[in-house]
Amino acid sequence: MDHSKGATWATAMKATLHCLTGCAIGEILGMVVGTALMWGNVQTMVLAITLAFLFGYSFTLFAVVRAGVSLKAAIKVALAADTVSIAVMELVDNGIIALTPGAMDAHLSDGLFWAALLGGFAVAFVITTPVNKWMIGRGKGHAVVHAYH
């Protein structure tokens, strides 16, 4: 099957935004919970990344199950559609947070906390969009999900 027609920048941006939404919900929740519980940086980031993957996958999973696919098959589709996108996004945005001076020690009430987090999401979106375009053009990533829309 030729997926090159579906590999537009608009399609890639839509797939990336879909992925970013789930990742952002999970990551923000993890950062807020870890920070509120006064966990260390490593524990907080592990929680945030875990929740980012969980929420990122869940958005695709629910959509595919709603389309009538069995839960087992939907899990396979979500893993195939989102793993690379979420991994790139998490690597980039957590890298930015880790490299922003003072961001790892900032509190929820600090502008630096939110600036680093949201800035990381913005850069992750810019870097992940071409990755998704490349994958969709090869019938991978979110191209797998399009069969269920």
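Provided above is the structure to which this section pertains.
In this text, all values refer to a predicted model and were calculated from it rather than measured experimentally.

Moving on: the nonpolar core. Core analysis: the biggest nonpolar cluster contains 29 residues, and Cys23, Met31, Val64, Met89, Ile97 and Leu117 have the highest contact counts within it. Only helix H1 (9–36), helix H2 (41–66), helix H3 (71–99) and helix H4 (111–137) provide two or more residues apiece to this core. With eight residues, the top contributor of residues to this core is H3. Leave out the neighbours within four places in its chain, and Met31 touches Thr44, Met45, Ala48, Asn94, Ile97, Leu108, Phe113 and Leu117.

The next point concerns the packing of aromatic side chains. If you walk through the whole model with that rule in mind, you get two aromatic pairs. Look at Phe53 and Tyr57: their rings are 5.9 Å apart centre to centre, the planes differ by 50°, and that puts the pair in the tilted class. Here Phe53 and its partner Tyr57 are both found in helix H2, four residues apart, which amounts to about one turn of the helix. Of the residues examined, Tyr57 reaches a relative accessible area of 18% and is grouped as buried. Where Phe113 meets Trp114, the ring centres are 4.8 Å apart and the plane angle is 80°; that geometry is what we call edge-to-face. What makes Trp114 partly exposed here is its relative accessible area of 29%. Lys133 extends its terminal NZ or CZ atom over the ring of Trp9, reaching a point 5.1 Å from the ring centre.

Parameters at a glance
- Residues numbered from 1 in each chain as written.
- Predicted model: local features only at pLDDT ≥ 70, side-chain atom pairs only at ≥ 80, totals over all residues.
- Heavy atoms only, no water.
- Core = buried A, V, L, I, M, F, W, Y, C linked by side-chain atoms within 4.5 Å.
- Buried < 20%, exposed > 50% of the residue type's maximum accessible area, 1.4 Å probe, protein only.
- Helix = DSSP H or I, 4+ residues; strand = E, 2+ residues; numbered from the N terminus.
- Contact = heavy atoms within 4.5 Å.
- Phe/Tyr/Trp six-rings, centres within 6.5 Å; stacked < 30°, edge-to-face > 60°.
- Lys NZ or Arg CZ within 6 Å of the ring centre and 35° of its normal.

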